[in-house]
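Chains, contacts and geometry: an overview
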Amino acid sequence: MSLVVVDHVSKSFGGLQAVSDVSFHVNEGEILGLIGPNGAGKTTLFNLVAGAITPDRGRVRFNGLDITGLPPYRISRAGLARTFQVARPFLGMTCYENVLVALIGRAHPAPDSERPELIRELLDFVGLSGKESFLASSLNLIDKKRLELARALATRPRVALLDEALGGLSSIEMDQAMGLIRSIRDKRGVNFVWIEHVMGAIMTLCERLLVLNQGMLICEGTPADVARDARVIEAYLGAPDAGD
Ligand SMILES: Nc1ncnc2c1ncn2[C@@H]1O[C@H](COP(=O)(O)OP(=O)(O)OP(=O)(O)O)[C@@H](O)[C@H]1O
Ligand SMILES: [Mg+2]
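Notes on the structure in this doc start here.

Conventions and cut-offs
Residues numbered from 1 in each chain as written. Chains lettered and ligands numbered in written order. Predicted model: local features only at pLDDT ≥ 70, side-chain atom pairs only at ≥ 80, totals over all residues. Heavy atoms only, no water. Helix = DSSP H or I, 4+ residues; strand = E, 2+ residues; numbered from the N terminus. Buried < 20%, exposed > 50% of the residue type's maximum accessible area, 1.4 Å probe, protein only. Areas by Shrake-Rupley, 256 points an atom, 1.4 Å probe, with all protein chains shown as cover. Lys, Arg positive; Asp, Glu negative; His and termini not counted. Charge placed at Lys NZ, Arg CZ, Asp CG, Glu CD.

A count of helices and strands for the chain gives nine helices and 10 strands. Along the first, second and third principal axes, the C-alpha atoms of the chain reach 55 × 40 × 35 Å. Counting the 244 residues in the chain, one finds 50% classified as buried. For the chain, the accessible area works out to roughly 11200 Å², and carbon and sulfur atoms hold 53% of it. Put simply, the chain has 26 plus and 28 minus side-chain charges, and the middle of one group is 5 Å from the middle of the other.

Moving on, we come to unusual backbone geometry. Although it is not a glycine, Asn-63 sits at a positive phi angle of roughly 55°. With respect to the secondary-structure elements, Asn-63 resides in the loop between strand 4 (57–62) and strand 5 (65–66). Asn-63 sits in the partly exposed class, given a relative accessible area of 34%. Phi is positive for Arg-156, which is not a glycine, with a value near 55°.

So, in structure tokens, the structure goes:
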């Protein structure tokens, strides 16, 4: 079954058509990549799915439920989590408190007595063990991203939308983050839609890619198919060694 179905969704801001008649689905067990040039509408598409903004046209279904126009907290409780292009933990709170807030907000909050262990387990899992009492403001970029993931996982999502999980990381940190995404999929059964500009990473982890350009979906397929698609090369990838 498709966990997420985006059905002919459009959104404009003033005269600008940011997302134009986009349809796609997310399959069970999948890490689906979403790529495209700056300003293509990728983050806007996440905002439309996660409820931060409402589409002008089209519907979004999640797990059989029509979630179009529902507020973000309802969508989160239904099991759809997201991370932000710029990590947004509560900077004045500790790592522990940040995860606690996410844990309390979920549909079936864990009993008080189980929370400390759950929070420690989540922080361990993302590689933040020993940093429970660190203020989020004191974390470096990768640790902020880890915390963002722990907060997303605390809501027990079926699907997580990741907006540029690797942006700003060193290549060693990228490898760690990719390992983490894969293990979250394998061990926790979370499916991902992943926006990323780091092509090598997305080509490695994703079985299927969507390519957005000027608000329109211009290609969908395996990484190999997408890499040799003439429209994608022209709009985004450039010639094979143009670099980015
Ligand atoms: N709230 C908004 N109000 C007005 N315009 C917006 C709003 N959000 C996005 N846009 C515009 O919609 C277009 C798509 O932006 P979006 O942030 O979705 O692109 P993106 O594909 O995520 O780009 P990037 O790779 O740089 O993150 C841009 O022209 C942007 O300026
Ligand atoms: Mg974006």
